Every structure is written in C-alpha cells, then in structure tokens.
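Examination of the molecular architecture
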Amino acid sequence: DTAGLDHRVLRRYLAYLDTRGYARRSIARKAAAVRSYLRYLKRHGALEQDPGRSLRTPKGPARLPRVPRRAEATALLDGVAEEALRAAERDEAGEEVDPRDVAVLRRDLAVLEVLYGTGIRVSECCGLTRRDLDLGARHLTVLGKGAKVRRVPLGEPAVDALRAWLEVG
C-alpha cells in the first residue's frame, strides 16, 4: 500500500538502515533502488506524487579499483599462456586432450591479453564481436559508456592470442 508513503517515511527507512550498521554506500545503493521504484510507480499511475524525488543520501568515500602490479599481471598472463601451450603440446603429441579445454585456455589468454594490452573495460570486452576485430590493422572497435564508439590499438601479444583462439575457438 502506497497511501502513507512520504518523504518522512523514506528518511526513517534510511535511518533504520544506518542503525542496522549498513555502510553508507550500501544505504545509497538501496536509496537509489527505492527512488527508481517510486519513479516507476508514478509513471504507471500508482502514485500521484513521487516522494523519492527529493530523497538524498550521503555518499561514502569513492574507492578506486585495485590495479595489479606489473609482476602480478605478467605472472597471470604467463601462467595462462604456459597452460595453453602445454595443452596444445599434449594434443599434438597424441595425448587425449579435450579440444574444448584448449579452446577455453586460448580464449582466456586472448581476453586477458586484450584487457591488459588495451585497457578497455570488462563490459566493453564482453560486448566485442568478431566484426569488431581487425587483426590485420591491429585494432578493435569498442562500444563504450554512453554508446561511444572508439577504435583501440592492439599490441602484438593480444593479436597473437586472438589469432590462436580464433583458430580453435
């Protein structure tokens, strides 16, 4: 029932979350969800006024993501590359190797090389298609935030990893 829903009720809800020990960022995220839901209700005629329109929440400190150090990134890339190479060598030697395992290892290496070598976002990498790759020109076309399209150069390790994956993937 939305009859008694007003700004004061929403503020009490946020205060309740604070007394329960929720972090400021968690409270801000929950408030954003409530505001979005109230906008939906108003748009669909369930509410006459949107009480969440003026609801403000204190923001917590913005945290930057932890960036792996060069040695960590190198160890990760080298580890996946060595594993993919070992699987391919076992396959060539006639040992029983699931081709899907080889394809997955090569895919993982290609994704890591692209992410590390280009600096694109994970969401941008997930949205890439074969048409976005131009291995001959060594670049890829990325659809980024705000539907902005940009062309990003690919380094040799990323191009090699992508070619290897496309051969078996």
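In case you missed it, the structure is sitting above this.
Residues numbered from 1 in each chain as written. Predicted model: local features only at pLDDT ≥ 70, side-chain atom pairs only at ≥ 80, totals over all residues. Heavy atoms only, no water.

1. Re the pairing of strand 3 (residues 149–153)
Of the strand pairs in this sheet, strand 2 (residues 139–143) and strand 3 are connected by 5 bridges, and their pairing is antiparallel. Counterpart to Leu 140 in the pairing with strand 3 is Val 152. The turn linking strand 2 back onto strand 3 is made up of 5 residues, and Gly 146 within it adopts a positive phi angle of 70 degrees. (Pairing = 2+ DSSP bridges. Helix = DSSP H or I, 4+ residues; strand = E, 2+ residues; numbered from the N terminus.)

2. What about the packing of helix 4 (residues 99–118) against helix 6 (residues 156–168)?
Orientation of helix 4 relative to helix 6, taken along the N-to-C sense of each, is 155 degrees, at an axis distance of 8 Å. In this view, helix 4 runs roughly antiparallel relative to helix 6, as classed from their interaxial angle. At the point where helix 4 passes helix 6, the crossing takes the left-handed sense. Facing Ala 103, Arg 106, Arg 107, Leu 109, Ala 110, Glu 113 and Val 114 of helix 4, the residues of helix 6 in contact are Pro 157, Ala 158, Ala 161, Leu 162, Ala 164, Trp 165, Glu 167 and Val 168. Taken together, the residues that form the contact of helix 4 with helix 6 break down as 11 nonpolar, no polar and 4 charged. (Axes fitted to C-alpha atoms, helices over the stretch in contact; angles between N-to-C directions. Parallel < 35°, antiparallel > 145°, perpendicular 65-115°, else oblique. Left-handed = near helix turned anticlockwise from the far one by under 90°. Contact = heavy atoms within 4.5 Å. Nonpolar A, V, L, I, M, F, W, Y, C, P; charged D, E, K, R; others polar.)

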